[in-house]
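# Inside the fold
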Amino acid sequence: MVRKYAVHLEGKEPVGYLYYSEEEDSYRVEIRNDLPPGTPMPLYFTSMLWDNKYEMTGELAELYVKEHVIPPDRAGIDNILVKLGLPYYHPMFFIDLFRGRNVMDDFLMDRVE
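Within the sequence span of helix α3 (residues 77-84), burial applies to Ile77, Ile80 and Leu81. Taken down its axis, α3 places every buried residue within 100° of arc, on the same side. Those residues of α3 that are exposed and angled more than 90 degrees off the buried face are Asp78, Asn79, Val82 and Lys83. Where α3 is buried, its residues meet α4 (91-98). Gly85 occupies a position one or two residues after α3 and carries a positive phi of about 75°.

The next thing to look at is the packing of aromatic side chains. This model, assessed by the stated rule, comprises six aromatic pairs. Here Phe45 and Tyr64 contribute two aromatic rings whose centre-to-centre distance is 5.5 Å and whose plane-to-plane angle is 35°, an arrangement assigned as tilted. Of this pair, Phe45 sits in helix α1 (residues 43-50) while Tyr64 sits in helix α2 (residues 58-66), placing them 19 residues apart in sequence. Take Phe45 and Tyr64: they sit in the same class, and that class is buried. If you follow Lys4 out to its NZ or CZ, it ends over the ring of Tyr17, 4.4 Å from the centre. Residue placement shows Arg28 over the ring face of Tyr19; its charged tip is 4.2 Å from the ring centre.

Thresholds applied
Residues numbered from 1 in each chain as written. Predicted model: local features only at pLDDT ≥ 70, side-chain atom pairs only at ≥ 80, totals over all residues. Heavy atoms only, no water. Buried < 20%, exposed > 50% of the residue type's maximum accessible area, 1.4 Å probe, protein only. Helix = DSSP H or I, 4+ residues; strand = E, 2+ residues; numbered from the N terminus. Arc of directions from axis to C-beta. Contact = heavy atoms within 4.5 Å. Phe/Tyr/Trp six-rings, centres within 6.5 Å; stacked < 30°, edge-to-face > 60°. Lys NZ or Arg CZ within 6 Å of the ring centre and 35° of its normal.

What follows is the structure, encoded as structure tokens:
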């Protein structure tokens, strides 16, 4: 199954989508190509558009996701997992729980499919 998440600012239209394949344990990010110039977007997206690219896959997409979740080597991660009722560490658990919130930007990731 492939899960789809809208990447957006609170109350705004998505600027792109994160796709997570459970079977392949892989990520893909697509930036919408119909956005007006000057639309706010995550830094990763901006750097892609400078290269005229609208899709991020492989390690770069995985890095984008991992920068929006608690890292697996964080001190006390085992206690965090227990408190949250998580059976093990996986970045998508944190995307689902915390909507991809982080200190780097104000963008959220909400599941749409």
